[in-house]
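Observations on chain architecture
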Amino acid sequence: MRRMVKCRPMQPDFAEKLCAHLRAERERLLAAPDAGRDAPAWMAEYSRLLDETLQRIYQEAWREAHRTLPGGTPGGTPPGEAGKEPAAASEGGLALLAIGGYGRGEMCPFSDIDLAFVPLEEENPLIDAVIKEAFRLIVEVFIDGVKLEVGYAYRPIGDCDRLDHTGKAALL
């Protein structure tokens, strides 16, 4: 039985548009006439597509956390958004890391996507809301929408000694 995914009222088509974009770009990459001849270039381009998609999810998760969190800043600016400062100093307290083959930029067409959420502190309501929303969007876009497998981890910065060498390198 297929699970129905409900979008939130703020931007009901955000995930749908992102799914459509990711699906179309994957199809373009897979259909490229030189896709099999220049594997390193193809893997790098595919990794960039995933990076772009995850950056958009991360930014949307910050906006949504600010919109829904009691006392949050409506329309808060996600960290790293071009030309804008974060809405609060605490917004620097979360990293979303690409690990495994994705972290190395070695993405084959049907590789799984391995991610790690690394908060600076635990039990921060804003960071928790961002992680929850980002994870919801990752499931909706990558797993339900594009049918890719996603592996994920949650490691507070104090537990980073448990990350593998790829995860540690991603923190640099």
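Since the model is a prediction, treat every value here as computed from it, not as a measurement.

1. A closer look at the pattern of salt bridges
Within this structure, the stated rule accounts for eight salt bridges. A salt bridge links Glu-60 to Arg-63, with the nearest nitrogen and oxygen atoms 3.4 Å apart. Of this pair, Glu-60 and Arg-63 both sit in helix α2 (residues 39-68), three residues apart, roughly one helical turn. For Arg-63, a relative accessible area of 23% corresponds to the partly exposed category. Beyond isolated ion pairs, a larger network of salt bridges with shared partners links Glu-25, Arg-28 and Glu-45.

2. Brief notes about unusual backbone geometry
Backbone geometry places Glu-123, a non-glycine residue, at a positive phi of 60 degrees. Residue classification places Glu-123 among the exposed residues on the basis of a relative accessible area of 72%. In the Ramachandran plot, Lys-147 falls in the positive-phi region, its phi being about 65 degrees despite a non-glycine side chain. Its location among the elements puts Lys-147 in the loop between α4 (125-145) and β3 (150-154).

3. Describing the confidence of the model for the protein
In the predicted model, the protein carries a mean pLDDT of 80, and the fraction of residues at 70 or more is 76%. Put simply, helix α5 (residues 165-171) is where the protein has its lowest mean pLDDT, 68, and α4 is where it has its highest, 95. Counting contacts from residues 79-90, a segment whose pLDDT is below 50, to residues more than four positions away or on other chains yields 19 contacts.

4. As for the sheet that holds strand β2 (residues 113-119)
Strand order in the open sheet made by the three strands is β1-β2-β3, with mixed pairing throughout. Looking at the sheet topology across the chains shown, the edges are occupied by β1 (94-99) and β3. Recorded for the sheet is a direction-independent mean angle of 20 degrees between the axes of neighbouring strands. Inspection of the sheet shows β2 paired to β3 by five bridges, in the parallel sense. Following the sheet pairing, Asp-114 is matched in β3 by Gly-151. Along the sheet, α2 contacts β1 and β2; its crossing angle with β1, the most-contacted strand, is approximately 160 degrees. The sheet contacts of α4 involve β1, β2 and β3, and relative to β2 the element is tilted by about 170 degrees.

5. Remarks on the packing of α2 against α4
The description of two packed helices rests on the angle between their axes and on the distance between the axes. The N-to-C vectors of α2 and α4 enclose an angle of 135 degrees; their axes lie 8 Å apart at closest approach. It follows from the interaxial angle that α2 and α4 lie oblique. Once α2 is placed against α4, the crossing between them reads as right-handed. For the pair α2 and α4, contact is made by Leu-50, Thr-53, Leu-54, Ile-57, Glu-60, Ala-61, Trp-62, Glu-64, Ala-65 and His-66 and by Leu-126, Ile-127, Ala-129, Val-130, Glu-133, Ala-134, Leu-137, Ile-138, Val-141 and Phe-142, respectively. For the contact of α2 with α4, a count of residues per class yields 15 nonpolar, two polar and three charged.

6. Describing the nonpolar core
Counting residues in hydrophobic clusters, the biggest one holds 36 residues, and the most contacted among them are Tyr-46, Leu-50, Ile-57, Ile-113, Ile-138, Val-141 and Phe-142. For this core, the elements supplying multiple residues, two or more each, are α1 (14-31), α2, β2 and α4. For this core, the element with the most residues is α2, which contributes eleven residues.

7. Some remarks on the pairing of β2
In terms of residue burial, β2 counts as a mostly covered element, since seven of its seven residues are buried. Every second residue of β2 is oriented toward a common face, with Ile-113, Leu-115, Phe-117 and Pro-119 on one face and Asp-114, Ala-116 and Val-118 on the other, all of them buried. Pairing between β1 and β2: six bridges, direction antiparallel. Residue pairing for β2: Ala-95 is matched across the bridge by Val-118. Each parallel crossover has a hand, and the one from β2 via α4 to β3 is right-handed.

Cut-offs applied
- Residues numbered from 1 in each chain as written.
- Predicted model: local features only at pLDDT ≥ 70, side-chain atom pairs only at ≥ 80, totals over all residues.
- Heavy atoms only, no water.
- Salt bridge = Lys/Arg side-chain N within 4 Å of Asp/Glu carboxyl O.
- Helix = DSSP H or I, 4+ residues; strand = E, 2+ residues; numbered from the N terminus.
- Buried < 20%, exposed > 50% of the residue type's maximum accessible area, 1.4 Å probe, protein only.
- pLDDT = per-residue confidence, 0-100.
- Contact = heavy atoms within 4.5 Å.
- Pairing = 2+ DSSP bridges.
- Axes fitted to C-alpha atoms, helices over the stretch in contact; angles between N-to-C directions.
- Parallel < 35°, antiparallel > 145°, perpendicular 65-115°, else oblique.
- Left-handed = near helix turned anticlockwise from the far one by under 90°.
- Nonpolar A, V, L, I, M, F, W, Y, C, P; charged D, E, K, R; others polar.
- Core = buried A, V, L, I, M, F, W, Y, C linked by side-chain atoms within 4.5 Å.
- Right-handed = clockwise from strand over helix to strand, strands pointing away.

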